[in-house]
Structure formats: structure tokens, C-alpha cells
Amino acid sequence: MQTVAEQPSAIRRYYEGLAEGVFRAIRCQACGKHTFPPTGCCEHCGSWKVEPVELSGEGTLLFATHNIFPACHPRFEKIAPYVYGHIRLKEGPIVQAIVLGVQATPADLGRLFERGPVPVTAEALPMDDLPVLAFRIHD
Amino acid sequence: MANKLRERTVISGVGCSRFGDLLETPELKGLSIQELTAGAVKEALDDAGLTGQDVDAVFAGNAMVHSSQVPGTYSQLSKWTGTQFKAGVHFEAQCSTTNVGAALAAMSVAAGVYDTVLVYGLETTRTMVKGYSPYEREPISHQQTWLWTDMAVNQAYGVPQGYDIFSTYNGLVALGYCRKYGMSIEDFDRGMFELCRTRRLHGSMNRKANIQEKLEDRAAREGFSDAFDYWRSDKHNPFVAWPSRLLSLVTTADGASAMVITRADLAKGGKSQPVELKGFGISYSDLPWYGEDPTFWEFDKRAIDAAFDMAGIRASDIDYLHTHDCSHISGICTAETIGYLEPGKGLAAAREGRLRFDGDRPMSTHGGRHAFGHAWGASAGTDTYEAVLQMRGQAGARQIAKRPEISVIHTHGYAMIGTVVVLGSI
Ligand SMILES: [Zn+2]
């Protein structure tokens, strides 16, 4: 029997990369901007001329809150409540993701808010079935 | 784009059910989804002085098919609404559904294709079909409601990686607001309390609202003499996404709404006073919904500008406003973006009572998503319903003293489709 070749999927590749600590995006050859996480076309200008790139994972945490408990999604029941943040990546994209290195309490989040924007670095948070993007606050 | 309606179109009839729970709320308990919807449709058709056979087309809205289980809604509901043999479609724009339907109806009427269109929306976010029963229902768990609802949110990268509505729509926006305007978390909390108090006051004056109990009355029932102490209690009003609390959020509901859209000249001398649909604007965005500033949402601005341009109005013309308030702080940000409230002063306006039905900046006099309740695809129609009542002077105890001549209704269809509708008195 003939084997059927699997077509490439940007989503599959993103999560496979994440498991290895690689943060895949695309860069537009028309306008030069990034789309992260990756799709097949530029989110800014609609061009299909895009190339795969890897992001540094460096960014700035602008704001941090927490999710609801119990979690809306079964995948996150074990870790809820977790801190969830609004982050500007060094390469430009804004991303929201789980934040590590601070507790999900009003007191801790209040102190972080008073501190203002802080540098963070991306890492893969292993869940039972999927690696998940997270950002760790620098000490 | 031309951004013009070629014919004047009006809303000639409106209807809406009580919002609540098909298993326990008075006026709803025991109803099937067919009867729930038919009730709202009958009210709208009666209001317009028509039957289902007098309309040319039916746009049937329903977002969360998982719980309603009536896809092919146009035909499944046709014998319940008297609309057999009409043109029709089932569509969804999540929580903007019914007002996107109004826009589609206005376009089809203004294009000369149809004279009269019936738009309705139905949703059950508290109950779902039990087993394979044609009439029995059972409660939906909190987690199941959000799993189904969040299917409208980025399923490639957002939801699988920890997104939830509470942090993205509430907590982060709240922090962005406090940072931008130098507001303390304590002041923010007090403002949110007053905003909730206003919405609950409106709900207490509306027999169709999901929650008809004032916040002060609820606090007293729980043994609190000071309602703000109740507000700050972790037991009764926990942080769902610090600094945002549970009572600043949507409450889920089962419900239905309907409206009749027709040519202005055909509505003349009709049964009820028509209201002109002067313009609309629609703009959508995937996550993230905002850039560095969580208080400014580009797609909303685009929808607002398009609607105001089509209607030929400015912010200073607005007499009544509803902004989508699944998240109370997001609703304030939108009202400030629209220009109805001064940037950074929305919560102060709430504390001063200016957003009440008897204030100088009345908003969401039906009670909004928290007190009136939220049945995703049906809710935008209830916002329009309330605006039409206010413009006709039919809002009863919560009537705005000077009848609004220009009303603006903004909704967020999850996730996200910003929809703005401008209504004008004739
Ligand atoms: Zn581009």
C-alpha cells in the first residue's frame, strides 16, 4: 500500500518547536513585520510571501493578572489559578501567556504592578498533553 | 467603500423573552427552546402589526449550537413562528449575532431585495438538551459553558495555551486602565462596585432581567449592613482575575430576542412607532484584542467610526448608550473610546450616578450583561429592544426623562467582532 505523505502544518510545527524551546514565527517579506504564533500569511498586510523565523523569547511583561479557579479548560485544572500576562516581545509582537516566577495572589500581583514593566524570557511549560508557552520573570 | 444605505430602513417591531434559566426562572421554567424563541418572535411581529407570512426573509441567529441543538434554525423554527416558505439562513456572530443580523437585514432591504426581514436570536447558556429528549433539559456546568463558548476563540494557539476570558477581558484591561490613568486599585474597586450597583438597580426595574435584586438588597440578605463590605468579601465576590471581581462580570442566561426590519415608507402608519436604523459598523479581530494599551481596541474604533460615518452622527449627538459589558471595565473603556464618557473618568461617572437611567449619561438601562443576563446570540437584540423602548417612551419606571433621539448600541461578538448600531427617532 502506498503511504500518504503528511502535509506540513504550522500549528504542529509550532508546538513541536516549543517542546524543544524554539519559538517559531513568520516574517513578512512585503512589510517586514512578524506574525506570532505563526500562520501562513502576514497578519499586518495580508501578504502570503512570508518566511519562517525563530524569535529570541525575550520580552517585557507589561501587566499580569491570574486566571479563574477552577480553570475553564481541563488541561489547566492542575495549575489553576495561574498568573497570566500581557507581554511585548523584543521583535515587536504582543502576546498573552502564562507567567512564571510570581504567585497568583492579590498581594504578589499588586507588588508586581507597582514595580511596572519587567523583563521576561520565554520557556516551554510541559503539560500532560502539550507544551505551553510561558514567560519567566527575571529575578 | 461607500458605507451608505441606499434606502432608509427602520426597526418596526421588537420582542424579547425574560432572561434566566429554563429549569427554574419564573416565566421560563418548563419552556422548550422552540417556545422560548416563538414568544420573542410573536412579540416582535405583534409590535410591527405583522404575521410571519408578511415578512420576506428570516435571519435566525444562534451561536452555541452545542446546547441548543437546533442548527437549520430557520426551518426547525418555521412552524413555531409562522414563517414557512420564506427565505432564510442560520448565522452567528456570537454575542453580536442579533445586531449583525439587523445590519444584514438593513443591507438586504436597502438593496431592494426584501421589503421586510425578521431577525431573531436564541441561546441557552445555562441549560442544554438532556439526553435525546425533545423537551427535557439539564444544567450546563461552568466548565462546559466556557469550553463551548471559547470554541469561538483562537483554537490554534490561544485557548490551548491558557487563555481565559477572565484574565484577558477583565484583569489585564483593569490593570491597563489603572496604569494609564494613575488610578489606585482601591479607587478602581470602589468604581466597579458603583457600576455594578447601577446595573443591578436597572435590573431591579426590569421584569425581563435575569437578576432583579439590587446589590444592596443582596448584601443585606447575606447579613451585610454596608454593601461595599459585601462587595469586598472573598466569599461572596472573589477575584476572578485580580483586580477584577466576580460581580463585574456577565451572568449566563437562556433567552431569545427578535426584531422586524423594513423600509421606512412601509412602516408609516404601522402599529408601533418605528425607529430608524441609521447606520452600523462592524470590525473583527483575533487575539490579542489590544496592543500595548489594554484600554484601546482598534477593531472597536473602526466599527465606531464606520457606524458614525454611515449614520452621520458625532459622539455629542448620543442620548443613550449601551456598550458590551460582559466585562464591566471593558464596557467603560468602549464608552470612553466612543467619546460618550471622558477618558479615564468613566468610573468616576459611575460613582456620581451619572450612568443611571436618571443621570446625564444613561447607559445599559435594561441592566446590561450582568443584571439583564447574557444569552450569547440573543443578547444584542435585547440591547436594541431596550433602546427602542427608551426612544418610544415605553421603558416604564426606568424611562430616561428626555426620550433619547439618538441611541448607540455596541456589542462584542466573541472573539471579537465589534458591532456598533446607530438608531434615530423618526
Ligand atoms: Zn506584511
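Conventions adopted
Residues numbered from 1 in each chain as written. Chains lettered and ligands numbered in written order. Predicted model: local features only at pLDDT ≥ 70, side-chain atom pairs only at ≥ 80, totals over all residues. Heavy atoms only, no water. Donors = N, O, S within 2.8 Å, 3.2 Å for Na, K, Ca; no water. Tetrahedral: all angles 85-135°; square planar, octahedral: opposite > 155°, others 65-115°. Helix = DSSP H or I, 4+ residues; strand = E, 2+ residues; numbered from the N terminus. Domains from an automatic or database assignment. Buried area = accessible area lost by both parts, 1.4 Å probe. Salt bridge = Lys/Arg side-chain N within 4 Å of Asp/Glu carboxyl O. Polar contact = N/O pair within 3.5 Å; in protein donor to acceptor, adjacent residues only side chain to side chain. Nonpolar A, V, L, I, M, F, W, Y, C, P; charged D, E, K, R; others polar. Buried < 20%, exposed > 50% of the residue type's maximum accessible area, 1.4 Å probe, protein only. Contact = heavy atoms within 4.5 Å. Pairing = 2+ DSSP bridges. Axes fitted to C-alpha atoms, helices over the stretch in contact; angles between N-to-C directions. Phe/Tyr/Trp six-rings, centres within 6.5 Å; stacked < 30°, edge-to-face > 60°. Lys NZ or Arg CZ within 6 Å of the ring centre and 35° of its normal. Core = buried A, V, L, I, M, F, W, Y, C linked by side-chain atoms within 4.5 Å. 1 Å grid on protein atoms, 1.4 Å probe; cavity = no way out; pocket = protein on both sides within 12 Å on 5 of 7 lines; lining within 4 Å. Points joined across faces, edges and corners; volume = space filled by probe spheres on them.

S.K.: So what exactly am I meant to see when it comes to the coordination of the zinc ion here?
M.R.: Around a metal, the ideal angle is 109.5 degrees if four donors adopt a tetrahedral arrangement and 90 or 180 degrees if six donors adopt an octahedral arrangement. All names here are of chain A. Coordination sphere of the zinc ion, protein contribution only: Cys 28 (SG), Cys 31 (SG), Cys 42 (SG) and Cys 45 (SG), at 2.3 to 2.4 Å. Taken together, the four donor atoms surrounding the zinc ion define angles of 102 to 121° at the centre, an arrangement classified as tetrahedral. Within one chain, the residues donating to the zinc ion are spaced in sequence as C-x2-C-x10-C-x2-C. One end of the pair, Cys 31, is in the loop between strand E1 (23–28) and strand E2 (34–35); the other, Cys 45, is in the loop between E2 and strand E3 (50–55), and 14 residues separate them in sequence.

S.K.: Sorry, what's going on with the domain arrangement of chain A here?
M.R.: How large an interface is tends to be reported as the accessible area lost when its parts come together. Residue and element names in this part refer to chain A. As far as domains go, chain A holds domain 1 (4–54) and domain 2 (58–137). Approximately 780 Å² of surface area, both sides summed, lies buried where domain 1 meets domain 2, with 80% of it carried by carbon and sulfur atoms. Counting across the domain 1 and domain 2 interface gives zero salt bridges. Our count for the contact surface shared by domain 1 and domain 2 stands at zero residue pairs in polar contact (both at pLDDT 80 or more). When residues in the side of domain 1 that touches domain 2 are grouped by element, the largest group, four residues, is from helix H1 (residues 10–19). Of the residues belonging to the side of domain 1 that touches domain 2, the class tally is six nonpolar, one polar and no charged.

S.K.: How do you make sense of the pattern of salt bridges when you look at a structure like this?
M.R.: Pairs can form between side chains of opposite charge once their charged atoms are near each other. Residues and elements named next belong to chain B. Using the criterion set out here, one finds 34 salt bridges over all chains in the structure. Between Arg 398 and Glu 386 there is a salt bridge whose closest N-O contact spans 2.8 Å. Within this pair, whereas Arg 398 is found in the loop between helix H16 (376–392) and strand E12 (406–413), its partner Glu 386 is found in helix H16, the two being separated by twelve residues in sequence. Glu 386 matches Arg 398 in its accessibility class, with the two residues each being buried. Each of Arg 190, Glu 194, Arg 197 and Glu 216 takes part in one network of salt bridges that share partners.

S.K.: Please explain the side chain of A:His73 as it appears in this structure.
M.R.: Position of A:His73 among the secondary structure elements: in the loop between strand E4 (58–66) and strand E5 (83–89). Here A:Arg75 takes part through its backbone nitrogen, which lies 3.0 Å from a polar atom of the side chain of A:His73. A:His73 has contacts with B:Gln143, B:Leu147 and B:Val159, leaving out every residue within four places of it along the chain.

S.K.: Sorry if this is basic, but what is going on with the interface of chain A and chain B here?
M.R.: Facing the 39 residues of chain A at the interface are 32 residues of chain B. Our count for the chain A to chain B interface comes out at one salt bridge. Here B:Glu292 and A:Arg88 are joined by a salt bridge, their closest N and O atoms 3.0 Å apart. Our count for the contact surface shared by chain A and chain B stands at 17 residue pairs in polar contact (both at pLDDT 80 or more). Only H1, E4, E5, strand E6 (94–100), helix H2 (106–115) and strand E8 (131–137) of chain A provide two or more residues apiece to the side of chain A that touches chain B.

S.K.: It is not clear to me how the environment of B:Leu246 should be interpreted in this structure. Could you clarify?
M.R.: All names here are of chain B. Topologically, Leu 246 is positioned in the loop between strand E8 (244–245) and strand E9 (254–263). Each C-alpha atom, one on Leu 246 and one on His 236, is 8.5 Å from the other, the two residues being ten residues apart in sequence. Not counting the four nearest positions on each side in its chain, Leu 246 is found in contact with His 236, Asn 237, Pro 238 and Val 240.

S.K.: Where do I start with the sheet that holds E8(A) in this structure?
M.R.: For sheets, the rule is that strands pair by backbone hydrogen bonds, running either parallel or antiparallel. Residues and elements named next belong to chain A. Read around the barrel, five strands follow the order E4-E5-E6-E8-E7 and close on themselves; strand pairing throughout is mixed. Pairs of neighbouring strands in the sheet enclose a mean axial angle of 50°, with direction left out of account. Pairing analysis gives six bridges linking E5 to E6, with the strands arranged antiparallel. Within the sheet, the bridge partner assigned to Ile 87 lies in E6 and is Val 95. Contacting strand E7 (118–126) and E8, H1 runs over the sheet at an angle of about 50° to E8.

S.K.: Would you explain the packing of aromatic side chains in this entry?
M.R.: For any pair of aromatic rings, the description rests on two quantities: the centre-to-centre distance and the angle between the ring planes. Residue and element names in this part refer to chain B. For the structure on display, the rule yields 19 aromatic pairs over all chains. Taken together, Tyr 163, Tyr 169, Trp 289, Tyr 290, Trp 297, Phe 299 and Tyr 414 form an aromatic cluster joined through their ring pairs. Against the face of Phe 239 rests Arg 245, its NZ or CZ located 4.2 Å from the ring centre.

S.K.: I would appreciate a short explanation of the pairing of E5(A) in the present structure.
M.R.: Two faces, one strand: in a regular strand the side chains alternate between the faces of the sheet. Residue and element names in this part refer to chain A. Of all seven residues making up E5, six are buried, and the element is well covered by its neighbours. Of the strand pairs in this sheet, E4 and E5 are connected by seven bridges, and their pairing is antiparallel. Its bridge partner being in E5, Phe 63 is matched across the sheet by His 86. Two successive antiparallel strands, E5 and E6, enclose a turn made up of four residues, where Gly 92 displays a positive phi of approximately 120°.

S.K.: Got a minute to help me understand the environment of B:Arg190 in this structure?
M.R.: Residue and element names in this part refer to chain B. Mapped onto the fold, Arg 190 is located in helix H8 (residues 185–204). Taking the C-alpha atoms as reference points, Arg 190 and Ala 348, separated by 158 residues in sequence, lie 9.4 Å from one another. The residues contacting Arg 190, other than those within four sequence positions of it, are Phe 228 and Arg 351.

S.K.: What should I look at first to understand the nonpolar core in this one?
M.R.: Soluble globular proteins: nonpolar side chains tend toward being buried together. Within the largest apolar cluster, 115 residues are counted, with the highest numbers of intra-cluster contacts made by A:Leu133, B:Trp289, B:Phe308 and B:Tyr414. Broken down by element, this core gets its largest block of residues, nine residues, from helix H7 (residues 165–181) of chain B. Each of domain 1 (4–54) and domain 2 (58–137) of chain A contributes no fewer than three residues to this core. Not counting the four nearest positions on each side in its chain, B:Tyr414 is found in contact with B:Gln94, B:Cys95, B:Trp146, B:Thr149, B:Asp150, B:Ala152, B:Val153, B:Tyr163, B:Ile165 and B:Trp289. If you look at the next biggest cluster of nonpolar residues, it comprises 36 residues, including B:Ala57, B:Ala105, B:Met391 and B:Leu423.

S.K.: Explain the layout of surface pockets here, please?
M.R.: Take a probe with the size of a water molecule and roll it over the atoms, and the empty space left behind shows itself. Taken as a whole, the largest pocket spans an internal volume of roughly 1200 Å³. Only E2 and E6 of chain A together with strand E10 (275–284) and helix H12 (298–311) of chain B provide two or more residues apiece to the lining of the largest pocket. By residue number, the principal contributor to the lining of the largest pocket is E6(A), which donates four residues. Residues of the lining of the largest pocket, tallied by class, amount to 20 nonpolar, 13 polar and seven charged. A domain-level breakdown of the lining of the largest pocket finds at least three residues from each of domain 1 (4–54) and domain 2 (58–137) of chain A. Size it by volume and the second largest pocket reaches roughly 820 Å³. Along the walls of the second largest pocket sit 36 residues, with B:Arg126, B:Leu246, B:Val250, B:Thr251 and B:Thr252 positioned nearest its centre. Of all the secondary structure elements, the ones that give two or more residues to the lining of the second largest pocket are helix H6 (142–149) and strand E7 (239–241) of chain B. Among the elements that line the lining of the second largest pocket, the one with the most residues is H6(B), at three residues.

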